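Structure assessment
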Amino acid sequence: MPLALLALAVGAFGIGTTEFVMMGLLPNVADDLDISIPAAGHLVSAYALGVVIGAPLLAAVTARMPRRRVLIGLMALFVVGNAVSAVAPDQHWLLLARFVSGLPHGAFFGVGAVVATSLVAPERKARSVSLMFLGLTVANIVGVPVATAMGQQLGWRATFLAVSAIGLAAIAALAALVPADHGHGSAVGVRTELRALRSLPVWLALGTTVAGFGALFSAYSYITPMLTDTAGFAEGSVTLLLALFGVGATIGNLAGGRLADHSLRATLFGGLTSLVVVLGLFPLLMRTEWSAALAVLLLGMAAFTTGSPLQLMVMEKASAAPSLASSANQAAFNLANAGGAWIGGLALAAGLGVTSPAVTGAVLAVLGLGVAALAYTVDRRRATLRPGPGRLVASHVPVEREPTHSP
């Protein structure tokens, strides 16, 4: 695999660290700024809002720019957002800085996925995407725990300065390792890119992302009370267990990339089915410490097996606008984050038990399977109605070829 993927992984590592570290620093930030924990929680929402808005917007406006330059510019915006976070004098400035930090998140992964797949042979596309995502999953193992400990010992502002330094390292790596001849932008305009998103298969792929990862975050958002109140772990053990989730996510991500290069659709269905089973067994697995630790590991593996297949599927379904569609998939991921947490919270508020968010997550995973099955049916029907490659249908619109990974 080309070294340019390492540069993308470094950027993903910084983004993953800054996205998830705020959860562990909320008490420190609240005490320092003299605000409540719920008010500090808005800092998490501000980042997610930046991702949802910035992903399609920045991907669209930079569509014709050289992709290496776009990636470097996005990381520069990331550095600015985190640097301002480190010196923010009050809650309002920090909210704005967190919003700015989130803006380049989705577009970086979206454009990065397009660059990653352009660097390798067609049979290694999913694997290349999984190697970029490796930075995100490793951030959960190393970046977030280390950054949280740094914030607790040196102050939360030191954490954001360190993340800014990671961003600068990513800029240097991108400039040095991403070849210029693989950095050309799209030849089409913004309107053409937007028209490519009108396709039903694109929206079905995005819907699978929302449902599938909504299932993950329905459970993961409330994993701490499950581990302490049900499994009986001490609060000090939770950080180590969350790192175990990162290990599972890393294994699932790498396995998903390799398997998807052989059969994208089968890998997606297998990952979602595994997620249904793992989440459905959560109430049983949380009864003992050893089985609860196993459940956390399996949750990461099952969920992130679907990451690369979903990213690649969206890109293939919108072949005329891969950067915009790929970035939109990252926005869908963050919608899943917010929506899954909200649905899991509803189950808790209804008094269904501490492990009830996992059960609602299993229901969402079943919904994701249903959407994926509908997408498969639509693809098969279109393939049946298609006269042949390179010919025109009655509407006089050229027919796209079937994705190379579809069965």
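In what follows, the accompanying structure is described.

1. Quick notes on unusual backbone geometry
Here the phi dihedral of Asp 34 falls at roughly 60°; this positive angle occurs in a residue that is not glycine. Looking at the secondary structure, you find Asp 34 in the loop between α1 (4–33) and α2 (37–61). In this structure Asp 34 comes out as exposed when scored by relative accessible area, which is 71%.

2. Focus on the side chain of Asn 253
Looking at where Asn 253 falls in the secondary structure, it is placed in helix α10 (residues 238–262). A polar atom in the side chain of Asn 253 sits 2.7 Å from the backbone oxygen of Ser 130. The residues contacting Asn 253, other than those within four sequence positions of it, are Ser 130, Phe 133, Leu 134, Thr 137, Phe 304, Thr 305 and Ser 308.

3. Some remarks on the packing of aromatic side chains
One pass over the full model with this rule turns up 9 aromatic pairs. On the numbers, 4.3 Å between centres and 25° between planes, the contact of Tyr 220 with Phe 245 is stacked. A residue pair is termed long-range when its members are at least 10 positions apart, and Tyr 220 in helix α8 (residues 200–220) and Phe 245 in helix α10 qualify at 25 residues. We classify Tyr 220 as buried; its relative accessible area is 16%. Its relative accessible area of 3% is what places Phe 245 among the buried residues. When the centroid spacing of 6.5 Å and the interplanar angle of 85° are considered together, the rings of Phe 269 and Tyr 376 count as edge-to-face. Residue Phe 269 is found in helix α11 (residues 264–285), and its partner Tyr 376 is found in helix α15 (residues 356–385); the two are separated by 107 residues along the sequence. Taking relative accessible area as the criterion, Phe 269 reaches 23% and is therefore assigned partly exposed.

What counts and how
- Residues numbered from 1 in each chain as written.
- Predicted model: local features only at pLDDT ≥ 70, side-chain atom pairs only at ≥ 80, totals over all residues.
- Heavy atoms only, no water.
- Helix = DSSP H or I, 4+ residues; strand = E, 2+ residues; numbered from the N terminus.
- Buried < 20%, exposed > 50% of the residue type's maximum accessible area, 1.4 Å probe, protein only.
- Polar contact = N/O pair within 3.5 Å; in protein donor to acceptor, adjacent residues only side chain to side chain.
- Contact = heavy atoms within 4.5 Å.
- Phe/Tyr/Trp six-rings, centres within 6.5 Å; stacked < 30°, edge-to-face > 60°.

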